[in-house]
Amino acid sequence: MRARNPLYVMAKPSPEGQAAIAALPRNDPGRGPDLLHVTLISLYDLHHAPPEWLPATIAALDGFAAAPFPLRFDRIENRKAVTLRTRGALAEARAFQKALVNHLLREKAPIMDGTTPEPHITINYRGDRLNAQKMPPIGWTVGEIFLIESVVGKTTHVEHGRWALTPPGD
């Protein structure tokens with residue numbers, strides 16, 4: 001069964017990052033820069049989820065605390081879609097993903113998919129069959145996360161919440 005309204009926790013590029021990505025020749029100009037994102041965790045399909053799951057997820061995220069972390073991409077690759085990636089260390093991002101999943105599990109938040117993909121940004125969903133290439137780095141510090149419903153086939157993101165990242169105890 002194909003997802004219709006998948007729910008994700010995402011990070012979004014800074015305005016400067018959005019502009020730099022939008023200017024890349026391999027970026028799909030038909031998608032607005034506001035749709036650029038890094039999926040941190042894939043949760044479940046809202047179309048098939050019980051109605052109480054979304055409020056439970058929001059409540060769990062309300063209690064999450066983590067420090068901001070850096071993201072930096074320096075390669076363009078074609079893997080069914082054109083993506084920004086890095087061969088550099090993503091230790092902080094992967095640690096963040098692990099902490100987020102552990103928090104949601106502790107809070108007994110609904111997680112059906114629960115995947116934590118390698119951080120990347122898809123810039124063209126059609127792919128372009130071109131080779132991988134290095135590019136000048138595009139990076140930012142992730143200072144907030146978003147709970148986003150992606151309406152499949154509509155090029156639409158519905159925001160269900162956003163949370164500032166601050167170190168625990170601040």
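Quick note: structure is the one above.
Residues numbered from 1 in each chain as written. Predicted model: local features only at pLDDT ≥ 70, side-chain atom pairs only at ≥ 80, totals over all residues. Heavy atoms only, no water.

Peer 1: Sorry if this is basic, but what is going on with the packing of aromatic side chains here?
Peer 2: Each aromatic ring pair is characterised by the separation of its centres together with the angle its planes make. Here the structure, examined in full by the defined rule, presents four aromatic pairs. Three or more aromatic residues joined by ring pairs make a cluster, and in this case those are F64, F69 and F96. Above the plane of the ring of F146 lies K12, whose end atom (NZ or CZ) is 5.7 Å from the centre. (Phe/Tyr/Trp six-rings, centres within 6.5 Å; stacked < 30°, edge-to-face > 60°. Lys NZ or Arg CZ within 6 Å of the ring centre and 35° of its normal.)

Peer 1: Explain the sheet that holds strand β8 (residues 156-164) to me, please; I cannot follow it from the model alone.
Peer 2: By way of backbone hydrogen bonds, the strands of a sheet pair with one another, either parallel or antiparallel. If you trace the four strands from one edge of the open sheet to the other, you get β2-β1-β7-β8, paired in antiparallel fashion. Strands with a single pairing partner mark the edges of an open sheet, and in this sheet they are β2 (38-45) and β8. This sheet shows a mean twist of 25 degrees between the axes of neighbouring strands, independent of strand direction. Where strand β7 (residues 144-151) lies against β8, eight bridges are found, and the strand directions are antiparallel. Bridge pairing links S150 to H157 in β8. Packing of helix α3 (residues 91-106) onto the sheet brings it into contact with β1 (6-11), β2 and β7, and relative to β2 it is tilted by some 25 degrees. (Pairing = 2+ DSSP bridges. Helix = DSSP H or I, 4+ residues; strand = E, 2+ residues; numbered from the N terminus. Axes fitted to C-alpha atoms, helices over the stretch in contact; angles between N-to-C directions. Contact = heavy atoms within 4.5 Å.)

Peer 1: Just checking my understanding: could you explain α3 for this structure?
Peer 2: Side chains three or four residues apart in an α-helix point the same way, a direct result of the helix having 3.6 residues per turn. Counted at 1.5 Å a residue, the expected span for α3 with its 16 residues is 22 Å, and the 22 Å between its end C-alpha atoms agrees. Looking at α3, one finds that the buried residues are A93, F96, Q97, L100, V101, H103 and L104. Along α3, the residues classed as buried sweep out an arc of 160 degrees about the axis, all on the same side. Residues of α3 that are exposed and angled more than 90 degrees away from the buried face: A91, K98, L105 and R106. Those residues of α3 that are buried are in contact with β1, β2, α2 (53-62), β3 (69-78) and β7. Phi turns positive, to about 60 degrees, at K108, one or two residues after α3. (Expected span 1.5 Å × (residues − 1). Buried < 20%, exposed > 50% of the residue type's maximum accessible area, 1.4 Å probe, protein only. Arc of directions from axis to C-beta.)

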